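If you want the building blocks of each chain, they are given just below.
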Amino acid sequence: MRHEDVWDAEAAQRYDTPGTGMFAPEVLEPTVDRLAALAGDGAALEFAVGTGRVALPLAARGVPVSGIELCQPMIEQLRTKADETALPVVHGDMATAVAPGRFTLVYLVYNGISNLLTQAEQVACFRNAARHLVPGGRFVIELWVPDLRRLPRASPA
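All of these numbers come straight from a predicted model, not from anything done at the bench. (Residues numbered from 1 in each chain as written. Predicted model: local features only at pLDDT ≥ 70, side-chain atom pairs only at ≥ 80, totals over all residues. Heavy atoms only, no water.)

(A) Structural detail: the overall build of the protein chain. In terms of helices and strands, the protein chain carries 6 helices and 5 strands. Secondary structure elements in the protein chain, listed N-terminal to C-terminal, are α-α-α-β-α-β-α-β-β-α-β. For the protein chain, the proportion of its 157 residues judged to be buried stands at 39%. A fraction of 62% describes how many contacts in the protein chain between residues 6 or more apart in sequence connect residues 24 or more apart. Surface summary for the protein chain: the accessible area is close to 9,200 Å², and the carbon and sulfur share equals 56%. (Helix = DSSP H or I, 4+ residues; strand = E, 2+ residues; numbered from the N terminus. Buried < 20%, exposed > 50% of the residue type's maximum accessible area, 1.4 Å probe, protein only. Contact = heavy atoms within 4.5 Å. Areas by Shrake-Rupley, 256 points an atom, 1.4 Å probe, with all protein chains shown as cover.)

Here's what the structure looks like:
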């Protein structure tokens, strides 16, 4: 399956759910608070910026934010909320695309790393984050923790 098969224009429109789910203030505000603190006086780069769920409120806090996004329909949805001046976005793969500038914070939220399906792609993503960071900068990844009790048990070898 290709990314374009999953992240089309319809999916980009459905993705935004203002005030509910991952857009709910009680979910979003602590995330933005923590990222703003980690960015400090520097700029932030969001890998898989999507429609700007985190980037826009972070920018509203005064943190200069840029993004990298593979899905053109997600960028188009983001552009309904902010233009390129307010939130510059590079169209490309977070494992290889290069955004102009250096950042005190690179972040990848809401299990975005799972969009990279191989270990090699994930390692490339870490390298790409390092390429963008100033010395002493931080790379933050948000991941879910599976409920191990719900996963199928492995059969004995």
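(B) Seen up close, the pattern of salt bridges. Throughout the structure, instances matching the rule amount to 2 salt bridges. A salt bridge links Arg-61 to Asp-33, with the shortest nitrogen-to-oxygen separation between them at 2.5 Å. Of the two residues, Arg-61 is situated in the loop between α4 (55-60) and β2 (65-69) and Asp-33 in helix α3 (residues 25-39); the sequence distance between them amounts to 28 residues. Using a relative accessible area of 42% as the deciding quantity, one classes Arg-61 as partly exposed. You can call Asp-33 partly exposed: its relative accessible area is 41%. (Salt bridge = Lys/Arg side-chain N within 4 Å of Asp/Glu carboxyl O.)

(C) Quick peek at the packing of aromatic side chains. Summed over the entire model, instances satisfying the criterion amount to 2 aromatic pairs. Ring centres 5.1 Å apart and planes at 85 degrees place the aromatic pair Phe-126 and Phe-139 in the edge-to-face group. Taken together, the positions of Phe-126 in helix α6 (residues 119-132) and Phe-139 in strand β5 (residues 133-141) put the pair 13 residues apart, joining distant regions of the chain. Grouping aromatic residues by their ring pairs yields a cluster made of Phe-47, Phe-126 and Phe-139. (Phe/Tyr/Trp six-rings, centres within 6.5 Å; stacked < 30°, edge-to-face > 60°.)

(D) Quick look at α3. A rise of 1.5 Å per residue sets the reference length of α3, with its 15 residues, at 21 Å; its end C-alpha atoms lie 20 Å apart and thus fit the reference within 8%. All of the buried residues in α3 are Leu-28, Thr-31, Val-32, Leu-35, Ala-36, Leu-38 and Ala-39. Relative to the axis of α3, the buried residues are bounded by an arc of 160 degrees and lie together on one face. Those residues of α3 that are exposed and aimed more than 90 degrees away from the buried face are Glu-26, Arg-34 and Ala-37. Elements that come into contact with the buried residues of α3 comprise α4, β4 (103-108) and β5. Once α3 finishes, Gly-40 follows within two positions and takes phi at roughly 60 degrees, a positive value. (Expected span 1.5 Å × (residues − 1). Arc of directions from axis to C-beta.)

(E) Local environment of helix α5 (residues 72-79). Regarding α5, the residues found buried are Met-74, Ile-75, Gln-77 and Leu-78. Seen from one end, α5 has its buried residues packed into an arc of 160 degrees, which puts them on one side.

(F) Region of interest: the nonpolar core. Core analysis: the largest hydrophobic core is formed by 21 residues, its most contacted members being Leu-58 and Tyr-107. Looking at this core, the elements with two or more residues in it are α3, α4, α5 and β4. A per-element tally of this core places α3 first, with 6 residues. Excluding residues within four positions of it along the chain, Leu-58 makes contact with Val-32, Leu-35, Ala-36, Ala-44, Val-63, Val-65 and Tyr-107. Of all hydrophobic cores here, the second largest spans 16 residues; its members include Phe-47, Ala-99, Val-106 and Leu-108. (Core = buried A, V, L, I, M, F, W, Y, C linked by side-chain atoms within 4.5 Å.)

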